[in-house]
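# Coordinate inspection notes
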Amino acid sequence: MATVRFATITHPRAVFLLVLTMSIAGAAHTRLPERHVALFVFGDSLYDPGNNNYINTTTDYQANFWPYGKTFFASPTGRFSDGRLIPDFISEYAKLPLIPPYLKPGVSNYAYGVNFASGGAGALVESHQGFVVDLQTQLRYFKKVERQLSRKLGSAKAKTLISSAVYLFSVGGNDYLSPFTADSSFYNKFSKKEYVGMVFGNFTQVIQEIYKMGGRKFGFVSVPPLGCLPGTKILEPGNKGACYDEVNSLAKLHNKGLPKVLKLIQNQLKGFNYSKYDLYASINQRLEDPLKYGFKDANTGCCGSGPYRGVYSCGGKRGVKEFELCDNVGDYFFFDSVHPSEKAYKQFSELFWGGDSDTTGPYNLKAFLNIR
């Protein structure tokens, strides 16, 4: 989740990577570590480890400046939080190295996977168009990776890696936020049901393409309660701190339809398996009873300005230079005006990894990784 306008996505590494892969094509095929599962990550700022550092965009869609990253990395990485995100924790639990951003110069070893997620991206190309790497472009990058894996490992080993890999998705939040924070002209052409249907249509197409390439194991999170973020609560005129219902209604519509869409895909695609984590419910539980989950404040961002620190000014590089920063980020559920803190992400990751059927199903990721 993030907010902004128009620019061109550039990928200066493409030529370098092509030369690199061609130069090793004649060499012996790379040996894979025994019994490991790769993670390929798609989505938005909930998952972006810094891809937006390397595209032509604005600081509204970047987090490569202090105080982002202050808790774990000690310096900003481009992650929209004070520390690690869900894919970082999942890779740790799966005994993998941190999964790197695809667009980071020099990243060319994809044996453990790679992360394509882009802060501000949606399933619809119209969501923050030109400022982010949309889902279809992320898919195109994955197709390049698949070709490079085939050259490096050989066709048979590459197919094994692709088929045993887990594909993590966080998609939809920006499609439902952008009409309220950026441009609503596209959204206004459709009913809510039609709009959500288009998000599912684009999202399903990407899943089908990955399935055709051999992908079988997918992990999804529901869309958060978008109207309850500090940054969206201040958007509704006269709002006295309540959630912005119109934004939330889109998230609820999406989350109601997601299980049906996944079941339909499963019925159509033989061998398709998935894990779905109810992120919406987990966030709601913490907003309603923060103390139960170790937070003193789930209403205000640790970093930002204005009411609830809901003005997206953390770091002072997004138009508003003045911002406030809390003393102890561990007390706060939200790090900035729209993104959770590392402490919150760790709790989510534990539930996605090992949660019971109330939050994560039909498999949690720990069980999922053992499916052959």
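Below: a short report on this structure. Only a predicted model underlies this, so the values are computations on that prediction, with no experimental measurement involved.

### Details of the sheet that holds strand β2 (residues 113–115)
Here 6 strands make up an open sheet; going across it, the order is β2-β1-β3-β4-β5-β10 and the pairing mixed. The open sheet has two free edges, formed respectively by β2 and β10 (360–362), since each of these has just one partner strand. When strand polarity is set aside, the average angle formed by the axes of neighbouring strands in this sheet is 20°. One ladder, built from 5 bridges, connects strand β1 (residues 39–43) with strand β3 (residues 166–170); its direction is parallel. Paired with Val 41 across the two strands is Leu 168, which belongs to β3. Helix α6 (residues 192–212) rests against β1, β3 and β4 (217–221) of the sheet, and its axis sits at about 160° to β4.

### Things to note about the pairing of strand β6 (residues 297–301)
In terms of burial, β6 is largely enclosed, as 4 of its 5 residues are buried. Pairing of β6 with strand β9 (residues 332–334) involves 2 bridges; the strand directions are parallel. Looking across to β9, one finds that Gly 301 is bridged to Phe 334.

### With respect to the packing of aromatic side chains
Per the counting criterion, the structure on display carries 37 aromatic pairs. Judged by centre distance (5.2 Å) and plane angle (20°), the rings of Tyr 61 and Phe 131 are stacked. With Tyr 61 in the loop between β1 and α2 (86–93) and Phe 131 in the loop between β2 and α3 (135–153), this residue pair connects regions lying 70 residues apart in the sequence. Its relative accessible area of 0% is what places Tyr 61 among the buried residues. Taking relative accessible area as the criterion, Phe 131 reaches 2% and is therefore assigned buried.

### Considering the pattern of salt bridges
As enumerated under the stated definition, the model contains 7 salt bridges in all. For Lys 143, the salt bridge identified is with Glu 209, shortest N-O distance 3.0 Å. Pair noted here: Lys 143 is in helix α3 and Glu 209 is in helix α6, with a separation of 66 residues, a long-range link. Since its relative accessible area comes to 28%, Lys 143 is described here as partly exposed. For the salt bridge of Lys 212 with Glu 209, the shortest nitrogen-to-oxygen distance reads 3.4 Å. Of this pair, Lys 212 and Glu 209 both sit in helix α6, separated by 3 residues, roughly a single helical turn. Through salt bridges with shared partners, a single ionic network connects Arg 84, Glu 92 and Glu 342.

Rules and cut-offs
Residues numbered from 1 in each chain as written. Predicted model: local features only at pLDDT ≥ 70, side-chain atom pairs only at ≥ 80, totals over all residues. Heavy atoms only, no water. Pairing = 2+ DSSP bridges. Helix = DSSP H or I, 4+ residues; strand = E, 2+ residues; numbered from the N terminus. Axes fitted to C-alpha atoms, helices over the stretch in contact; angles between N-to-C directions. Contact = heavy atoms within 4.5 Å. Buried < 20%, exposed > 50% of the residue type's maximum accessible area, 1.4 Å probe, protein only. Phe/Tyr/Trp six-rings, centres within 6.5 Å; stacked < 30°, edge-to-face > 60°. Salt bridge = Lys/Arg side-chain N within 4 Å of Asp/Glu carboxyl O.

By themselves, these figures tell us nothing about what the structure is for.
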